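Spelled out from the first residue to the last, the chains are:
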Amino acid sequence: MKAIVITQPGGPEVLQLAERLTPQCQPNEVLIKVFAAGINRPDVFQRKGNYPPPPHAPADIPGLEVAGIITEIGASVTRWKIGDKVCALVVGGGYAEYCTAPEGQCLPIPENLSYIEAASLPETFFTVWSNVFDRGKLQPGETLLVHGGSSGIGVTTIQMAKALGSKVYVTAGSDEKCTFCEQLGADKAINYKTTDFGEEIKKLTDGKGVNVILDMIGGDYMPRNIDSLAVEGRLVMINAMKGREVQLDLGKVMAKRLTITGSMLRSREIEFKAAIAQNLEQKIWPLLSSGKIKPIIYKTFDAKDASAAHQLMESSEHTGKIVLTFAH
Ligand SMILES: NC(=O)c1ccc[n+]([C@@H]2O[C@H](COP(=O)([O-])OP(=O)(O)OC[C@H]3O[C@@H](n4cnc5c(N)ncnc54)[C@H](OP(=O)(O)O)[C@@H]3O)[C@@H](O)[C@H]2O)c1
């Protein structure tokens, strides 16, 4: 099969088209003929050599989410059959014509969605469900702040949290991105380059703060995140793009009884991911079918142009998701 491989750690140009053996299904897996594969920021970190794949993932083929048709099923697979159209969360190997996935990490493609749209869903939907609703325990009527509102994670968070009844504030790096986030449903988008988000959150919440913050920035955002949380607030970290070492006033954590937590999805066990898939299918998939939540595709690239797709992601010009396509 054809695959996009990381030839060595480096810039976008190290992504090259190569021939690889088609992967074999384990008993609990399906083999998917991939028509589209989503790109996520963790793929960029992996390409640079800063995010090594877990031991059981393909060593040099990136890609955490795919959509396509099942062409083979493992001996113990019960739910799926050959010919089913699925999207799947995978531990790596998504930038390829064929990819295996544990059966519990596959979800049916809603009838109204294309392969490209379906491929844009798993990584951010699993991550947001797990971190905002399971770890962050966001409740209807509560208020959420998500940094990077126009990112793949951001557009998913805005839509899911609004659909489930929360007020949503976001930060983004330009006025255009802010307008985009508000059109998608955010109650207020803060241009963090021109406005101090901490001051703005204070104004927006009459000094009370928000109940949950989803943050991938870290660094100097930490003190303002702590100040922006309400009593009993929850801060959920999913990355620390501006630095892992932070300044933290523990007095404020105690005084407001805050929870600081975080997680990384990729290395978690199959059963954990399968449980998230069940929640998504029950609570979120109907909202995709009805059109209340929509995949947000910024641009697609033929798989052979994966380098250009990574270049675009690193420019941070995009709003929403970037997806690779495979012609077969
Ligand atoms: N823990 C997990 O399990 C998990 C899973 C998936 C993703 N993630 C993380 O979630 C984040 C978003 O992923 P994604 O795929 O949605 O990425 P993405 O679409 O590329 O979005 C990243 C956004 O972050 C902002 N940004 C980039 N560099 C920044 C910096 N140095 N300082 C401040 N803002 C910066 C940019 O928006 P602006 O232009 O508005 O600044 C950019 O649009 C990534 O950090 C990724 O590693 C974590």
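Residues numbered from 1 in each chain as written. Predicted model: local features only at pLDDT ≥ 70, side-chain atom pairs only at ≥ 80, totals over all residues. Heavy atoms only, no water.

In the annotation of an unreviewed UniProt entry, the entry for the chain reads NAD(P)H-quinone oxidoreductase, and the organism field reads Mucilaginibacter celer.

### Observations concerning the overall build of the chain
Within the chain, the secondary structure is distributed over 10 helices and 15 strands. Compactness check: the chain gives a C-alpha radius of gyration of 19 Å against a globular reference of 20 Å for 328 residues, within 12% of the reference. Within the chain, the proportion of its 328 residues that are buried is 55%. The centroid of the 35 positive side-chain charges in the chain is displaced by 3 Å from the centroid of its 36 negative side-chain charges. (Helix = DSSP H or I, 4+ residues; strand = E, 2+ residues; numbered from the N terminus. Rg over C-alpha atoms; globule rule 2.2 N^0.38 Å. Buried < 20%, exposed > 50% of the residue type's maximum accessible area, 1.4 Å probe, protein only. Lys, Arg positive; Asp, Glu negative; His and termini not counted. Charge placed at Lys NZ, Arg CZ, Asp CG, Glu CD.)

### Let's talk about the layout of surface pockets
Roughly 500 Å³ of volume is contained in the second largest pocket. As for the second largest pocket, its lining consists of 29 residues, of which Glu29, His56, Pro58, Val91 and Thr100 are closest to the centre. Taken together, the elements giving at least two residues each to the lining of the second largest pocket come down to β6 (98–102) and α9 (270–289). Among the elements that make up the lining of the second largest pocket, the one with the highest residue count is β6 (5 residues). When the residues that make up the lining of the second largest pocket are grouped by side-chain class, the tally is 14 nonpolar, 10 polar and 5 charged. (1 Å grid on protein atoms, 1.4 Å probe; cavity = no way out; pocket = protein on both sides within 12 Å on 5 of 7 lines; lining within 4 Å. Points joined across faces, edges and corners; volume = space filled by probe spheres on them. Nonpolar A, V, L, I, M, F, W, Y, C, P; charged D, E, K, R; others polar.)

### Quick look at the site of the ligand
The environment of the ligand is formed by 25 residues, the closest being Arg41, Gly173, Lys177, Tyr192 and His318. Between the ligand and the protein, one listed contact pairs an oxygen atom with a side-chain N or O atom of Arg41 at 2.7 Å. A distance of 3.0 Å is found between an oxygen atom of the ligand and a backbone nitrogen or oxygen belonging to Gly152. Its free accessible area being 920 Å², the ligand has 89% of it covered by the protein chains. For the shell around the ligand, the secondary-structure elements that each account for two or more residues are α1 (41–47), α3 (122–135) and α4 (152–163). With 3 residues, the top contributor of residues to the shell around the ligand is α1. Its residues placed into classes, the shell around the ligand shows 12 nonpolar, 9 polar and 4 charged. (Near = heavy atom within 4 Å. Polar contact = N/O pair within 3.5 Å; in protein donor to acceptor, adjacent residues only side chain to side chain. Areas by Shrake-Rupley, 256 points an atom, 1.4 Å probe, with all protein chains shown as cover.)

### Some remarks on the packing of aromatic side chains
As enumerated under the stated definition, the model contains 5 aromatic pairs in all. What links up through ring pairs into an aromatic cluster is the set Tyr192, Phe197 and Tyr221. Sitting over the ring of Phe272, Arg268 keeps its end group 3.7 Å from the ring centre. (Phe/Tyr/Trp six-rings, centres within 6.5 Å; stacked < 30°, edge-to-face > 60°. Lys NZ or Arg CZ within 6 Å of the ring centre and 35° of its normal.)

### Details of the packing of α3 against α9
At a closest axis distance of 10 Å, the pairing of α3 and α9 adopts a crossing angle of 100°. When the axes of α3 and α9 are compared, the pair comes out roughly perpendicular. For the pair α3 and α9, the contacting residues are Phe125, Phe126, Trp129 and Ser130 in the first and Phe272, Lys273, Ile276, Ala277, Asn279, Leu280, Lys283, Ile284, Trp285 and Leu288 in the second. Classifying every residue of the contact of α3 with α9 by side-chain character gives 10 nonpolar, 2 polar and 2 charged. (Axes fitted to C-alpha atoms, helices over the stretch in contact; angles between N-to-C directions. Parallel < 35°, antiparallel > 145°, perpendicular 65-115°, else oblique. Contact = heavy atoms within 4.5 Å.)

### Description of the packing of helix α6 (residues 197–204) against helix α7 (residues 221–228)
Interhelical geometry of α6 versus α7 gives an angle of 5° and a closest axis separation of 9 Å. Put simply, α6 runs roughly parallel to α7. Side by side, α6 and α7 meet where Phe197, Gly198 and Ile201 of the first sit next to Tyr221, Arg224, Asn225 and Ser228 of the second. Residue composition of the contact of α6 with α7, grouped by class: 3 nonpolar, 3 polar and 1 charged.

### Notes on a nonpolar patch on the surface
On the surface, Val246, Leu248, Leu250, Met254 and Ile260 cluster together into a nonpolar patch covering about 450 Å² of accessible area. Checked against the element boundaries, Val246 lands in the loop between β12 (229–237) and α8 (250–255). On the basis of relative accessibility, which here comes to 36%, the residue Val246 falls in the partly exposed class. (Patch = residues over 30% accessible without salt bridge, like charges linked within 9 Å, V, L, I, M, F, W, Y side chains within 5 Å. Salt bridge = Lys/Arg side-chain N within 4 Å of Asp/Glu carboxyl O.)

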